[in-house]
Amino acid sequence: MPSDEYFQVVEAMQAQAAGMIEGELSVEQQRAAMEAGFSFPLQDDISLTAADANGVLGEWTVLPGSDHNRRLLYAHGGGYVLGSIGTHRRLVADICRAAGCVALSLDYRLAPEHVFPAALDDAIRGLEYIWANGPVEPGEASSVFVGGDSAGGGLMLATLIAARDRGMRMPTGGIGLSPWADLAAGPEELSAFGLEDPTIPDNSVAIKASQGWAAMYAGDADRSDPFLSPVFADYDGICPLLLQAGSVEMICRDTERVAAKAREAGVEVVEEIWDDMFHVWQGFAPMLPEGQQAIDRIGEWIRDHA
């Protein structure tokens, strides 16, 4: 049974979603709405420092007592079109607190201004940077994790695959929070899932939005390209994975499919499907007990693998 706070969060998200779907919003309006609705205050002990990650703007998140050699490269969600370092600061900080690590959040290029593979190219540059640089000075990491939510979760998977294919050093682990891993899925496939998600007042609008974002990012590329849709990837030689998804969200099946393919390739996979949880509920940890519980699991997993 979900917590009492769960229903309060769902009610607030329904109200926000209703406002967003009253009319057709421009990309700029969608971005502004996400900035306003997915940002939580930071605690006073969090230190933020801008970074140039091989030409990609980034931001280090550091808490007192964090291990500077245990590093997390984080890619925010937002359909490859929305979201920013700012929208995900609190989520990244909460993970750092639970894991005892530092994090480099990437301000990777967004569509439609920058189409595939711009985001992936930026993530690869970030991965090269974080292995060799900490938040204070250059230095080899003892462990590097790559994480992301929604589109950022899909980008995390694509980054691991690209690192393997390019002969780069494989990260210590990959963490996907409700990863969006199938941009090739059509409306019929999407409509078969997520019909019970209480945060989506109109599934047809959610499907239309995701299809629009997929088209913006993919451009002229084949959406079944494994670097766009990692559900079609070969996972041989990939590092351990922690994948979390909510049982009622529209793209829960992406997590299930990726986990199955990775296991078949011999990858260590922890797959967690959380009952009744909606898309990226972890981001609401400041007001949702289930969100904090999921983040605690992420922290435990990072500490175990560092």
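Heads up: these notes are all about the structure in this document. (Residues numbered from 1 in each chain as written. Predicted model: local features only at pLDDT ≥ 70, side-chain atom pairs only at ≥ 80, totals over all residues. Heavy atoms only, no water.)

Attention shifts here to the overall build of the protein chain. In terms of regular secondary structure, the protein chain is built from nine helices and eight strands. Taken over C-alpha atoms, the radius of gyration comes to 18 Å for the protein chain, in line with the 19 Å a tight globule of 306 residues would show. The dimensions of the protein chain, computed from C-alpha atoms along their principal axes, are 50 × 45 × 35 Å. With 306 residues in all, the protein chain has 57% of them scored as buried. Of the roughly 12,000 Å² of accessible surface on the protein chain, a fraction of 51% belongs to carbon and sulfur atoms. Counting 19 positive and 46 negative side-chain charges, the protein chain places the averaged centre of each group 6 Å from the other. (Helix = DSSP H or I, 4+ residues; strand = E, 2+ residues; numbered from the N terminus. Rg over C-alpha atoms; globule rule 2.2 N^0.38 Å. Buried < 20%, exposed > 50% of the residue type's maximum accessible area, 1.4 Å probe, protein only. Areas by Shrake-Rupley, 256 points an atom, 1.4 Å probe, with all protein chains shown as cover. Lys, Arg positive; Asp, Glu negative; His and termini not counted. Charge placed at Lys NZ, Arg CZ, Asp CG, Glu CD.)

Tracing the backbone shows Glu35 in helix α2 (residues 27-37). Separated by 72 residues in the primary sequence, Glu35 and Asp107 have C-alpha atoms spaced 14 Å apart. Beyond its immediate stretch of four places on either side in the chain, Glu35 contacts Gly83, Ser84 and Thr87. (Contact = heavy atoms within 4.5 Å.)

The subject of this paragraph is the packing of aromatic side chains. In total, this model carries nine aromatic pairs according to the counting rule given. Ring centres of Tyr80 and Trp180 lie 6.1 Å apart, and the angle between their planes is 40 degrees; on these two criteria the pair is classed as tilted. Of the two residues, Tyr80 sits in the loop between β3 (67-75) and α3 (89-99) while Trp180 sits in the loop between β6 (173-177) and α6 (187-191), which places them 100 residues apart along the sequence. With respect to burial, Tyr80 and Trp180 carry one shared label: buried. Between Phe278 and Phe284 the ring centres are 5.8 Å apart and the planes differ by 75 degrees, which places this aromatic pair in the edge-to-face class. Relative accessible area serves as the criterion here: at 7%, Phe284 is assigned to the buried category. (Phe/Tyr/Trp six-rings, centres within 6.5 Å; stacked < 30°, edge-to-face > 60°.)

This part takes up the pairing of strand β4 (residues 101-106). Most of β4 sits inside the fold, with six of its six residues counted as buried. Because side chains alternate across β4, one face comprises the buried residues Cys101, Ala103 and Ser105, and the other comprises Val102, Leu104 and Leu106, equally buried. Two elements, strand β2 (residues 56-62) and β4, share four bridges in a ladder whose sense is antiparallel. Looking at the pairing, Trp60 lines up with Leu104 of β4. With six bridges joining them, β3 and β4 adopt parallel strand pairing. (Pairing = 2+ DSSP bridges.)

Tracing the chain through its elements places Tyr129 in helix α4 (residues 118-132). Sequence separation of Tyr129 and Ser204 is 75 residues, and the distance between their C-alpha atoms is 41 Å. With residues up to four places along the chain from it excluded, the contact list for Tyr129 reads Ala51, Asp52, Ala53, Asn54, Trp60 and Leu104.

Strands sit in the order β1-β2-β4-β3-β5-β6-β7-β8 across an open sheet of eight strands; the sheet is mixed. Strands with a single pairing partner mark the edges of an open sheet, and in this sheet they are β1 (47-53) and β8 (269-274). Each strand of the sheet is rotated relative to its neighbour by a mean of 20 degrees, with strand direction disregarded. Bridge count between β1 and β2: seven bridges; the pairing is antiparallel. Among the inter-strand pairings, Asp52 is bridged to a residue of β2, identified as Leu57. The strands touched by helix α8 (residues 252-264) within the sheet are β7 (241-246) and β8, with β8 carrying the most contacts at an inclination of about 160 degrees. (Axes fitted to C-alpha atoms, helices over the stretch in contact; angles between N-to-C directions.)

Moving on: the pairing of β6. With five of five residues buried, β6 lies mostly within the body of the structure. Across the two faces of β6 the burial is the same, with Gly173, Ile175 and Leu177 and Gly174 and Gly176 all buried. The sheet contact formed by strand β5 (residues 143-149) and β6 spans five bridges and is parallel. Across the sheet, the residue bridging to Val146 is Gly174, located in β6. Once you follow β5 into helix α5 (residues 151-165) and on to β6, the crossover reads as right-handed. (Right-handed = clockwise from strand over helix to strand, strands pointing away.)

Moving on: the packing of α3 against helix α9 (residues 289-305). For the pair α3 and α9, interaxial distance at closest approach is 7 Å and the crossing angle is 50 degrees. With respect to α9, the axis of α3 lies oblique. In the crossing of α3 with α9, the sense of the turn from one axis to the other is right-handed. Packed against α3, whose contacting residues are Leu91, Asp94, Ile95, Arg97, Ala98 and Ala99, the element α9 presents Ile295, Asp296, Ile298, Gly299, Ile302 and Arg303 at the interface. (Parallel < 35°, antiparallel > 145°, perpendicular 65-115°, else oblique. Left-handed = near helix turned anticlockwise from the far one by under 90°.)

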